[in-house]
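Fold and geometry: a report
The chain contents come next:
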Amino acid sequence: MNEAGIRKRRARERRFLFLSAGCAAIAIFALAGLLASVALQGWRGFFSASLRVVLHLDAEVVGEKGEGDALAYRRLIKRAIAERFADAPRGDKRKLIGLFSFSSAVQLRDIARANPERIHGRVTVWLPASAKAEAFLKGGDDDGNGNAWRLMPYLEKMRDDGDARVEWNSALFTNADSRDPESAGLAGALAGTALTLLLAFLLSFPAGVLAALYLEFFARRGRLFSLVEVNINNLAAVPSVIFGVLGLAVFINWFGMPRGSPLVGGLVLSLMTLPTIIIASRAALQAQPAAQAEAAMSLGATKMQAVFHHTLPSAMPGVLTGAILGMAQALGETAPLLIIGMVAFVAEAPSGFADAATALPVQIFLWADSPEAGFAERTASAILVLLFFLVLMNAAAVLLRQRLETARG
Amino acid sequence: MLFLLWLFAAAFVSRGIARKLAPGGGAHGYDAAGVCIFVGAIAGGFFAAGTLPFWIAYPAPVVAGIAAAFSARGLNRRRAQERLERHSLFVLRLAAGVAVVVTAGIVFSVAAESFRFFQLVSFWDFLFGLEWSPQIAIREDQAGASGSFGVAPVLLGTLLITGIAMAVAFPVGLFSAVYLSEFASRRARRMIKPVIEMLAGMPTVVYGFFAVVTLSPLLRDLGAALGAEIAGESALAAGLVMAMLLIPFVASLSEDALAAVPDSLRQGALALGATRSEAVFSVVLPAAMPGVFAGALLAFSRALGETMIVVMAAGVAATMSVNPLEAVTTVTVQIVTLLTGDQEFDDPKTLAAFALGLLLFVLTLAMNAIALRVLGKRGRRNE
């Protein structure tokens with residue numbers, strides 16, 4: 001017909017393909033950017049720096065049995081580091097203690113109290129470096145805030161002498177939260193998350209599965225039924241922050257449950273995951289062949305027996321997959337926990353459901369808000385820990401789904 | 001772990017106790033007793049021993065369980081089975097009722113607190129007031145007399161941020177879906193789909209961190225280079241990051257809509273000599289439009305209720321501004337700022353958060369209801 005027209009249409013086709021592929025590429029680019037930005041900062045938080053110092057455990061300062069307070073031990077460290085750089089100018093000498101974290105004095109006290117026989121003697125100890133020193137030792141050339149630092153030459157000297165090392169940051173997993181980034185850890189947040197999710201699962205899983213069974217097999221189809229159905233679908237799309245508001249008004253204000261506790265957190269998250277579990281369980285139950293239950297009933301089983309002994313067990317992998325995905329969603333949920341007060345600074349891991357606690361994503365939010373330089377990389381590390389657990393849960397769900405498919409297969 | 005073991009042991013022992021107390025109660029009776037005591041143990045574990053809730057939560061299910069074991073005594077198998085079924089059905093019904101109770105609980109609790117708020121602040125002032133400054137210190141003796149609670153600037157900020165997010169996410173998500181369902185090879189599909197799903201599964205606090213640490217500084221530097229001043233908590237940064245969250249949402253819902261278009265329509269267009277893009281534009285997309293529209297509505301309602309990104313990346317001060325380079329605030333940000341920290345439940349500051357919550361709930365519920373209705377209708381038509 002006409003050549004030019006066809007060429008134009010082909011060009012338009014190519015343009016359109018390019019455009020739509022480009023849009024898909026934007027999505028991939030967004031994920032890559034997100035992960036790269038987290039990972040590039042996060043790996044540093046998994047390492048911490050410590051400095052070696054030789055010091056005299058002077059009984060006059062800390063007492064015969066090491067009973068002195070942390071400030072006394074801090075004086076010891078101050079004295080020791082000033083001795084090490086004996087020829088430094090006076091002004092610098094006084095500031096050298098800034099190389100060490102505040103937690104170093106506490107750590108030294110613990111060492112001294114555990115080994116009272118070494119008091120009076122000289123000991124060589126590795127003590128945690130301050131956030132500024134850590135930023136430098138991990139390969140920065142400033143203090144983490146972009147400022148040059150007066151103590152840098154001394155730190156360089158220590159590094160060259162082998163008195164500074166960067167090692168695996170186990171404190172990140174054994175310590176609870178702290179005001180100092182170098183000694184802040186996730187132990188408290190992980191315990192809080194574990195308690196909260198355990199409760200949420202214990203409540204929402206049985207309730208969700210039983211509700212799905214009722215709706216699928218026993219409920220009479222009618223007005224009321226479709227009302228419940230619409231209600232559940234809409235509940236799944238209610239913003240999560242609203243669940244927090246509900247929890248605050250009902251559980252905390254009316255029932256007087258302890259604020260910021262895993263108890264309230266677990267209750268709120270269980271209400272949130274309930275619709276997800278109901279919907280997933282119903283889908284899994286629907287996928288089971290009706291013949292299975294019918295065969296059981298023809299052999300004399302009641303409907304209840306057929307459903308509980310045959311349909312539910314064989315739908316279990318699908319039900320569990322849904323439950324795991326629901327829990328993964330609950331794991332990353334932050335907003336409702338903010339509202340019910342799980343945002344307080346909690347320096348100890350919770351020991352029960354009624355203790356004040358934080359959760360992993362809330363800890364991330366808190367650290368992201370902290371101005372100290374060392375917290376940025378630890379926030380990113382915490383995100384990596386969170387993502388690790390999410391990947392773990394999703395992998396479990398995928399494995400279950402695969403097993404389900406091969407079993408049917 | 002120890003806690004769980006203890007629970008199982010408790011359930012086992014309690015079954016034994018029930019058997020001793022009520023001999024001849026039938027296996028189901030013992031199971032029921034065991035389960036009830038198990039529930040009691042869990043419930044009791046939540047409260048400190050010795051407090052009133054502990055004494056209610058712990059023994060009540062235990063007593064119920066033992067009573068169940070007693071009452072099942074002396075029934076023959078058939079009667080016992082019938083009774084078990086009746087009770088099971090009751091439990092199932094109860095479980096299904098929980099979901100309804102939750103919705104009712106949301107509506108009732110949020111509405112009740114909002115009602116108290118509207119006794120202090122007029123409803124019309126709230127809805128149409130042009131100034132929002134709840135943080136003004138209120139003296140003890142004049143509660144509710146000062147501070148202004150006009151929701152307009154807050155809503156405007158919310159719409160600005162979600163508008164930016166939707167303006168980016170809708171076309172990108174829709175075209176990604178078109179690419180995936182109409183153009184991509186099987187292999188490309190298998191590789192790209194999980195990536196998009198991962199983007200959807202990312203906790204929102206991670207997006208917030210990305211906005212604060214990476215995107216906002218980037219935009220600020222970019223703005224400085226171009227001679228525009230971009231605030232650190234600009235609506236643009238929050239909107240763009242929220243768009244990242246919405247892209248997978250729009251993409252997967254649009255893909256569902258595209259997949260629901262019968263293949264015969266597509267084939268027919270191609271058979272008439274249309275190129276693939278012409279088939280998509282003039283046949284497939286129009287047919288999929290209701291589904292795409294519903295998906296967009298769901299995404300929009302999700303954006304309205306999204307909290308962490310805006311709490312971290314958007315501002316707190318409410319301004320009547322539509323400039324994307326300035327900091328604006330949103331409904332969810334206000335809820336969080338008003339409700340974190342100490343609350344007093346007779347202070348309009350605290351109650352205002354419930355009114356905002358009610359507003360948000362009603363808005364998102366309306367949008368979801370419309371979207372789900374459209375999707376449900378389509379589902380029935382295509383069956």
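Scroll up a little and you will see the structure.
Rules behind the numbers
Residues numbered from 1 in each chain as written. Chains lettered and ligands numbered in written order. Predicted model: local features only at pLDDT ≥ 70, side-chain atom pairs only at ≥ 80, totals over all residues. Heavy atoms only, no water. Helix = DSSP H or I, 4+ residues; strand = E, 2+ residues; numbered from the N terminus. Buried < 20%, exposed > 50% of the residue type's maximum accessible area, 1.4 Å probe, protein only. Contact = heavy atoms within 4.5 Å. Areas by Shrake-Rupley, 256 points an atom, 1.4 Å probe, with all protein chains shown as cover. Axes fitted to C-alpha atoms, helices over the stretch in contact; angles between N-to-C directions. Left-handed = near helix turned anticlockwise from the far one by under 90°. Nonpolar A, V, L, I, M, F, W, Y, C, P; charged D, E, K, R; others polar. Phe/Tyr/Trp six-rings, centres within 6.5 Å; stacked < 30°, edge-to-face > 60°. Lys NZ or Arg CZ within 6 Å of the ring centre and 35° of its normal. Polar contact = N/O pair within 3.5 Å; in protein donor to acceptor, adjacent residues only side chain to side chain. Pairing = 2+ DSSP bridges. Buried area = accessible area lost by both parts, 1.4 Å probe. Salt bridge = Lys/Arg side-chain N within 4 Å of Asp/Glu carboxyl O. Patch = residues over 30% accessible without salt bridge, like charges linked within 9 Å, V, L, I, M, F, W, Y side chains within 5 Å. Lys, Arg positive; Asp, Glu negative; His and termini not counted. Charge placed at Lys NZ, Arg CZ, Asp CG, Glu CD. Core = buried A, V, L, I, M, F, W, Y, C linked by side-chain atoms within 4.5 Å. Expected span 1.5 Å × (residues − 1). Bend = angle between axes of the 7 residues up to and from the residue.

Our next topic: the overall build of chain A. Of the regular secondary structure elements, chain A holds 17 helices and 3 strands. Across the 409 residues in chain A, those meeting the buried criterion constitute 51%. Looking at chain A alone, contacts between residues at least 24 apart form 76% of all its contacts between residues at least 6 apart. Of the roughly 18600 Å² that chain A leaves accessible, carbon and sulfur atoms contribute 59%.

Regarding its fold elements, chain B presents 15 helices and 2 strands. For chain B, the computed accessible surface area is about 18300 Å², with 67% contributed by carbon and sulfur atoms.

The next subject is the packing of helix H13 (residues 290-298) of chain A against helix H14 (residues 303-331) of chain A. What describes two packed helices is the angle between their axes and the distance between those same axes. Residues and elements named next belong to chain A. At a minimum axis separation of 9 Å, H13 and H14 run at an interaxial angle of 140°. The chirality of how H13 crosses H14 is right-handed. Each of Gln 292, Ala 293, Ala 296 and Met 297 in H13 lies in contact with H14, whose residues at this interface are Lys 303, Ala 306, His 310, Thr 311 and Ser 314. For the contact of H13 with H14, the per-class residue count stands at 4 nonpolar, 4 polar and 1 charged.

Before going further, it helps to spend a moment on the packing of aromatic side chains. Counting across every chain of the model gives 21 aromatic pairs over all chains. Ring centres of Phe201(A) and Phe205(A) lie 5.0 Å apart, and the angle between their planes is 10°; this geometry places the pair in the stacked category. On the criterion of helical spacing, the pair formed by Phe201(A) and Phe205(A) is a turn pair, its members being 4 residues apart in helix H9 (residues 187-218). Classification of Phe201(A) as partly exposed rests on a relative accessible area of 30%. Look at Phe118(B) and Phe123(B): their rings are 5.1 Å apart centre to centre, the planes differ by 75°, and that puts the pair in the edge-to-face class. Through a chain of ring-to-ring contacts, three or more aromatic side chains come together here, namely Phe117(B), Phe118(B), Phe123(B), Trp124(B), Phe126(B), Trp132(B) and Phe149(B). The ring centre of Trp126(A) lies 4.1 Å from the NZ or CZ of Arg165(A), which sits over that ring. The positively charged end of Arg302(B) is found above the aromatic ring belonging to Phe249(B), 5.2 Å away from the centroid.

Now for the side chain of Ser234(B). Residue and element names in this part refer to chain B. Counting through the fold element by element, Ser 234 comes out in the loop between helix H9 (204-226) and helix H10 (235-259). Within polar-contact distance, the side chain of Ser 234 engages the backbone nitrogen of Ala 237 at 3.2 Å. In this structure Ser 234 touches Leu 219, Ala 313, Pro 324, Leu 325, Glu 326 and Ala 327, once residues within four positions along its chain are discounted.

All names here are of chain A. Both strand S1 (residues 47-56) and strand S3 (residues 164-168) contribute to a ladder of 5 bridges, which runs antiparallel. Bridging from a neighbouring strand, Ala 49 pairs with Val 166 of S3. Of the strand pairs in this sheet, S1 and strand S2 (residues 122-128) are connected by 7 bridges, and their pairing is antiparallel. Across the sheet, the residue bridging to Arg 52 is Trp 126, located in S2.

Next up on the list: the interface of chain B and chain A. Opposite the 79 residues of chain B that make contact, chain A presents 76 residues. Buried area between chain B and chain A, both sides added, is near 6800 Å², and the carbon and sulfur share of it is 80%. A salt bridge links Arg9(A) to Glu278(B); the shortest N-O distance between them is 2.7 Å. For the pair chain B and chain A, the number of links is 13 residue pairs in polar contact (both at pLDDT 80 or more). Looking at the side of chain B that touches chain A, its residues break down into 53 nonpolar, 21 polar and 5 charged.

Moving on, we get to the pattern of salt bridges. Between side chains of opposite charge, a pair can form as their charged atoms come close. Applying the stated criterion to the full structure yields 19 salt bridges over all chains. Between Asp163(A) and Arg52(A) there is a salt bridge, with the nearest N and O atoms lying 3.1 Å from each other. Of this pair, Asp163(A) sits in the loop between helix H7 (152-160) and S3 while Arg52(A) sits in strand S1, placing them 111 residues apart in sequence. You can call Arg52(A) partly exposed: its relative accessible area is 29%. In this structure, the salt-bridge partner of Arg189(B) is Glu255(B), at a minimum N-O distance of 2.7 Å.

Residue and element names in this part refer to chain A. A cluster of basic residues, Lys 78, Arg 90, Arg 94 and Lys 95, forms a positive patch on the protein surface. Sort the elements by how many residues they give to the positive patch and helix H4 (residues 90-95) lands first, with 3 residues. For Arg 90, the location among the structural elements is in helix H4.

It is worth spelling out the sheet that holds S3(A) at this point. Residue and element names in this part refer to chain A. One open sheet holds the 3 strands; their spatial order is S2-S1-S3, and the pairing between them is antiparallel. Two strands in the sheet have a free side with no partner beyond their single neighbour: S2 and S3. Taking each pair of neighbouring strands and ignoring which way they run, the sheet shows an average axis angle of 35°.

In this section: the packing of H10(B) against helix H12 (residues 276-305) of chain B. All names here are of chain B. The geometry of H10 relative to H12 is characterised by a closest axis approach of 8 Å and an angle of 145° between their N-to-C directions. Crossing of H10 over H12 shows right-handed handedness. Side by side, H10 and H12 meet where Met 242, Leu 245, Leu 246, Phe 249, Val 250, Leu 253, Ser 254, Ala 257 and Leu 258 of the first sit next to Val 284, Leu 285, Ala 288, Gly 291, Val 292, Gly 295, Leu 298, Ala 299, Arg 302 and Ala 303 of the second.

A few words on the nonpolar core. Counting 158 residues, the largest nonpolar core has Phe243(A), Ile106(B), Tyr207(B) and Ile335(B) as its most contacted members. Non-local contacts of Ile335(B), meaning those with residues more than four positions away in its chain, are made with Val241(A), Val245(A), Ile339(A), Ala353(B), Leu356(B), Gly357(B) and Leu360(B). Core analysis: the next-biggest nonpolar cluster, separate from the first, contains 38 residues, Ala59(A), Val61(A), Leu137(A) and Leu155(A) among them.

Another aspect to go through is helix H7 (residues 152-183) of chain B. Residue and element names in this part refer to chain B. With 32 residues, H7 extends 44 Å between its outermost C-alpha atoms, agreeing within 8% with the 46 Å of an ideal straight helix rising 1.5 Å per residue. Maximal helix bending in H7 amounts to about 25°, located at Ala 169; proline Pro 171 follows within four positions. Counting buried positions over the 32 residues of H7 gives 23, a clear majority of the element.

Before going further, it helps to examine the environment of Glu229(A). Residue and element names in this part refer to chain A. Residue placement: Glu 229 occurs in helix H10 (residues 223-235). Note on Glu 229: relative accessible area 28%, which makes it partly exposed. Placed 14 residues apart in sequence, Glu 229 and Leu 215 show a C-alpha to C-alpha distance of 8.4 Å.

Attention now moves to a nonpolar patch on the surface. A surface patch of nonpolar side chains, about 370 Å² in accessible area, is lined by Trp254(A), Phe255(A) and Phe108(B). For Phe255(A), a relative accessible area of 55% gives the class exposed.

Next up on the list: the environment of Pro336(A). Residue and element names in this part refer to chain A. By the secondary structure assignment, Pro 336 is in helix H15 (residues 335-339). With relative accessibility at 0%, the residue Pro 336 sits in the buried group. Between the C-alpha atoms of Pro 336 and Leu 246, which are 90 residues apart in sequence, the distance is 9.0 Å. In contact with Pro 336, other than residues within four places in its own chain, are Ser 240, Gly 244, Val 268, Leu 269 and Met 272.

Before going further, it helps to spend a moment on helix H16 (residues 360-369) of chain A. Burial of H16(A) is extensive: 7 of the 10 residues sit out of reach of the surface. Of all the residues in H16(A), the buried ones are Leu360(A), Pro361(A), Val362(A), Gln363(A), Ile364(A), Phe365(A) and Trp367(A).

Let's shift gears to the side chain of Asn234(A). Structurally, Asn234(A) can be placed in helix H10. Not counting residues up to four positions away in its chain, the partners in contact with Asn234(A) are Leu365(B), Asn368(B), Ala369(B) and Leu372(B).

With respect to the element layout, Asp69(A) can be found in the loop between helix H2 (59-62) and helix H3 (70-84). Taking the C-alpha atoms as reference points, Asp69(A) and Val106(A), separated by 37 residues in sequence, lie 8.3 Å from one another.

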